[in-house]
Amino acid sequence: MSRASIAVVLMGPTASGKTDLVLGLARALPIEVISVDSAQVYRDMDIGTAKPDAATRAACPHHLIDVCSPEDSYSAGRFRADASRLIREIFARGRTPVLAGGTMLYFKALREGLSELPVADPELRRAIDEAARARGWPALHAELAQLDPATAARLKPNDAQRIQRALEIIRLTGKPLADAFSRRPAQAVPVPLLSVALIPAERAWLHERIARRFEAMLAAGLVDEVVRLRRKYRLEAGLPSMRCVGYRQVWDHLEERYGLATLREKGVAATRQLAKRQLTWLRVTPRDAMLDPCDAGTPAKFIALVAAKLRS
């Protein structure tokens, strides 16, 4: 591997302008993009995931988009394996891999490796989901608090996905989540990384972009997209694909739990909460550089930063 063989990591909250930065970089350098987005992996989920359009994909190759059915799940472990393979293939083509997105668990998996957690058990998950439908997720959260108090204390009573996984691990291993994570093997990062974090100086700037983007998604037909998904696939509200921000709120709207105006409010609020969690993670994660997407000079700074690293 040459000294210039680095992978660029661009981390940022939702709606912070990552796609525009990547497009600017593609005009300056030979790159290929690896999507680090746990929603864009699902086929036919285009509007609500803000997938790059045909023109963007034509500007430079994009990977790990449309690789999974909405009926299935895509794990951090699978991402790490797929991304590691793609990085090697992109290097072999003489290009620079750029891993861009906002799924922070995937970035963490790439950098630190993964714990030896048991694989998902569909039957057990189905049983947990049935219990949740009968008793509610807060009741299962209370059950988790008896079995694994430390994990339950970190989770909200309605955090269905994490409660389900924690209960699944306990039932499969007989041990709390912390014990499973303590068995994390040492795994080196596959390549040297240049890690860049987008952190806006003005929270209001990001909130305005989130509101405008969700409004644009609704205008582009997000509700109809979920209708089509429900007709084409065997979907349930508890599937990871339908827990994605935006899709979860549209699902509830289609179940007539609230109207379009409330859908708009809940979709924007959920996206802002997602961005808040992403920013919290970004502020404590290791990085080589931080850029402010509110700054008009950021695109040029990003290109210069990558070019300088490749020359070093």
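The structure we're discussing is the one just above.
Because the structure is a prediction, the values reported are computed rather than measured. (Residues numbered from 1 in each chain as written. Predicted model: local features only at pLDDT ≥ 70, side-chain atom pairs only at ≥ 80, totals over all residues. Heavy atoms only, no water.)

Participant: Outline the packing of aromatic side chains, supporting the account with residue identities and numerical values.
Facilitator: Per the stated rule, a full pass over the model turns up 2 aromatic pairs. Ring centres 4.7 Å apart and planes at 15° place the aromatic pair Phe-79 and Tyr-106 in the stacked group. With Phe-79 in helix α3 (residues 76–92) and Tyr-106 in helix α4 (residues 104–112), the pair connects residues that are 27 residues apart, well separated along the chain. By relative accessible area, which is 4% here, Tyr-106 ends up buried. Put simply, the rings of Tyr-74, Phe-79 and Tyr-106 touch in pairs and so form one group of aromatic residues. (Phe/Tyr/Trp six-rings, centres within 6.5 Å; stacked < 30°, edge-to-face > 60°. Helix = DSSP H or I, 4+ residues; strand = E, 2+ residues; numbered from the N terminus. Buried < 20%, exposed > 50% of the residue type's maximum accessible area, 1.4 Å probe, protein only.)

Participant: Break down the packing of helix α1 (residues 18–28) against helix α14 (residues 298–311) for me, citing the residues and quoting the values.
Facilitator: Contact pair α1 / α14: the axes reach a minimum separation of 9 Å and the direction vectors enclose 50°. It follows that α1 is oblique to α14 by the angle criterion. Crossing of α1 over α14 shows right-handed handedness. Here Leu-21, Gly-24, Leu-25 and Ala-28 of α1 lie close against α14, whose contacting residues are Thr-298, Pro-299, Phe-302, Ile-303 and Val-306. Considered class by class, the residues forming the contact of α1 with α14 number 7 nonpolar, 2 polar and no charged. (Axes fitted to C-alpha atoms, helices over the stretch in contact; angles between N-to-C directions. Parallel < 35°, antiparallel > 145°, perpendicular 65-115°, else oblique. Left-handed = near helix turned anticlockwise from the far one by under 90°. Contact = heavy atoms within 4.5 Å. Nonpolar A, V, L, I, M, F, W, Y, C, P; charged D, E, K, R; others polar.)

Participant: Explain the nonpolar core to me, using residue names and the numbers behind them.
Facilitator: Of all hydrophobic cores here, the largest spans 53 residues; its most connected members are Ile-34, Phe-79, Leu-99, Leu-222 and Tyr-247. The element best represented in this core is α3, accounting for 6 residues. What Tyr-247 contacts, discounting residues up to four positions off in sequence, is Met-45, Asp-46, Ile-47, Gly-48, Thr-49, Leu-222, Glu-225, Val-226, Leu-229, Ser-241 and Met-242. Grouped together as the second largest cluster of nonpolar side chains are 21 residues, Leu-10, Leu-25, Ile-31 and Ala-100 included. (Core = buried A, V, L, I, M, F, W, Y, C linked by side-chain atoms within 4.5 Å.)

Participant: Go over the pairing of strand β4 (residues 96–101) with me, naming the residues and quoting the values.
Facilitator: Extensive coverage of β4 is indicated by the burial of 6 of its 6 residues. Burial along β4 is two-sided: Thr-96, Val-98 and Ala-100 facing one way and Pro-97, Leu-99 and Gly-101 facing the other are all buried. In the sheet, strand β1 (residues 7–11) pairs with β4 via 4 bridges, with the strands oriented parallel. By the bridge assignment for β4, Val-9 is matched with Leu-99. (Pairing = 2+ DSSP bridges.)

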